[in-house]
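# Examination of the molecular architecture
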Amino acid sequence: MSAPALWDDYPYRVVSSRRVTPVIQELHLTPDAAVMPYRPGQYALLNDRDYQVPQRSYSMANAPRADGVVSLLVTHVPDGPTSTWVHHQLTPGGLVTLSGPYGTFTPDPAEQGPVLLLAAGSGLAPARALAEGLLGGRPSRPVTLFFSARRAADVIDRSRFQDWANTRSGFRYLVTLTREPHAVDRPRIPDLLPGTLGDLTGWEVFASGPPGFVSGCATAARALGADAAMVHTEEFFTEPQPWTEQPPSPQLRKASPR
Ligand SMILES: Cc1cc2nc3c(=O)[nH]c(=O)nc-3n(C[C@H](O)[C@H](O)[C@H](O)COP(=O)(O)OP(=O)(O)OC[C@H]3O[C@@H](n4cnc5c(N)ncnc54)[C@H](O)[C@@H]3O)c2cc1C
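Calculation notes
One numbering rule holds for all chains: residues counted from 1, following each sequence as written. This being a predicted model, a pLDDT of at least 70 is required before a residue's local features are given, and a value of 80 or more before pairs of side-chain atoms are given or counted; all residues contribute to the totals for chains, interfaces and linings. As a rule here, side-chain values cover all heavy atoms of the structure and leave hydrogens and water aside. Runs of H or I in DSSP of at least four residues are treated as helices and runs of E of at least two as strands, each being numbered from the N terminus. For this analysis, residues touch if any pair of their heavy atoms sits within 4.5 Å. Only one rule defines a salt bridge in this text: a Lys or Arg side-chain nitrogen within 4 Å of an Asp or Glu carboxyl oxygen. To sort residues, take the accessible area from a 1.4 Å probe on protein chains only and compare it with the maximum for the residue type: under 20% means buried, over 50% means exposed, and anything in between is partly exposed. The span one expects for a helix is its residue count, reduced by one, times 1.5 Å. Throughout, the arc means that of the directions going from the helix axis to the C-beta atoms. What pLDDT conveys is the predictor's confidence in a given residue, as a value from 0 to 100. Here a polar contact is taken to be a pair of N or O atoms separated by no more than 3.5 Å, where protein atoms must pair a possible hydrogen donor with a possible acceptor and residues adjacent in sequence count only if both atoms sit in side chains.

All right, on to the side chain of Thr176 then. Locating Thr176 in the fold gives a position in strand β9 (residues 171–177). Setting aside residues up to four positions removed in sequence, Thr176 forms contacts with Phe146, Phe147, Ser148, Ala149, Pro187, Ile189 and Leu192.

Scanning the model with the defined rule gives nine salt bridges in all. With its nearest N and O atoms 3.3 Å apart, the salt bridge here joins Asp32 to Arg13. Note that Asp32 is positioned in the loop between β2 (24–31) and β3 (43–48) and Arg13 in strand β1 (residues 8–19), a separation of 19 residues in sequence. By relative accessible area, Asp32 is classed as partly exposed at 39%. Between Arg160 and Asp157 there is a salt bridge; the shortest N-O distance is 3.1 Å. Arg160 sits in the partly exposed class, given a relative accessible area of 29%. Here the salt bridges share partners, and the residues they tie into one network are Arg18, Glu26, Arg128, Glu132, Asp157 and Arg160.

With that out of the way, let us pick up helix α5 (residues 211–223). Taking 1.5 Å as the rise per residue, α5 with 13 residues should run 18 Å; its terminal C-alpha atoms sit 18 Å apart, in good agreement. Within the sequence span of α5, burial applies to Phe213, Val214, Cys217, Ala218, Ala220 and Ala221. Seen along its axis, α5 keeps its buried residues to an arc of 165°; they face one direction. Residues Gly212 and Ala223 are exposed on α5 and point more than 90 degrees away from its buried face. Note on α5: the residue one or two positions beyond its end, Gly225, has a positive phi of about 110°.

At the junction of Gly100 and Pro101, the peptide bond is cis and its omega measures out at 5° in the coordinates. Position of Pro101 among the secondary structure elements: in strand β6 (residues 95–102). The phi dihedral of Tyr51 is positive, around 55°, even though this residue is not glycine. For Tyr51, the position within the fold is in the loop between β3 and β4 (56–59).

Quick look at the confidence of the model for the protein chain now. Mean pLDDT for the protein chain: 89, with 87% of residues reaching 70 or above. This model gives residues 239–258 a pLDDT under 50, and the stretch forms 31 contacts once residues within four places in sequence are excluded.

Here Asp67 shows up in the loop between β4 and β5 (70–75). The exposure class of Asp67 is partly exposed, given its relative accessible area of 41%. Separated by 32 residues in the primary sequence, Asp67 and Val35 have C-alpha atoms spaced 8.6 Å apart. A polar side-chain atom of Asp67 sits 2.7 Å from a polar atom in the side chain of Arg65. Within the structure, the side chain of Asp67 is placed 3.0 Å from the backbone nitrogen of Val69, a separation counted as a polar contact.

See the structure below:
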């Protein structure tokens, strides 16, 4: 008997597409057939039904829901084929394929200590899914979400997270603006961690977003006492994938999830 597939292709339909910052589009996708199972923090490969756009990785931006709806936060990369397609061509009603789930940017089920989510830009996607999953889990773990944006207009979901901070015990929300023109200083998360959180011994840490941001956060977290095995990283941009010019063959897609 053959082993069951660990991942597969799932047709989803776009139910909404809206600009949430000047460069980030949020999609809501509803399953057109089977629901793709996943854990908060994981990602899927997205492409059109005919494999005309290059397949790219996007983290699910919500914890799994009973209705199967998945949200994605997609940053527009100028001249990037897939993010441009999402921003300018993919509209409600359109069919896409999600393939997955992939990734190990997920909490250790044996851990019960506090969790620190460090995110920049669309790196908020897995952080938001993790926050939803952890706060809804049993036992619930204390969660601190620290979000880095360039300017106020780049902050995603501020009112939702502020509401959580006011109403859910164990949730803390911090934002830093690194390029706000009128700010006195423009501190970055790695510089702020010692003063805001201090000792991270026993914390499980997740950093997601652009590579420089992620590596800076991971280094700072380890310097503050977080165990290296408890510091998880998800870097979002990679060199163009080998199938940029060609639709991928099924074998290539299965063998090279990123
Ligand atoms: C595990 C994983 C999860 C990811 N999750 C998300 C997500 O949730 N949301 C999201 O928006 N992206 C995410 N990405 C990045 C995404 O897969 C694509 O790389 C991105 O959307 C660009 O695709 P593209 O086809 O438009 O451009 P590409 O042809 O892939 O890129 C064009 C050029 O731009 C560079 N580049 C790619 N992304 C960026 C960027 N953000 N800023 C500056 N330069 C960039 C590339 O290195 C390349 O040189 C994730 C990547 C990985 C590996």
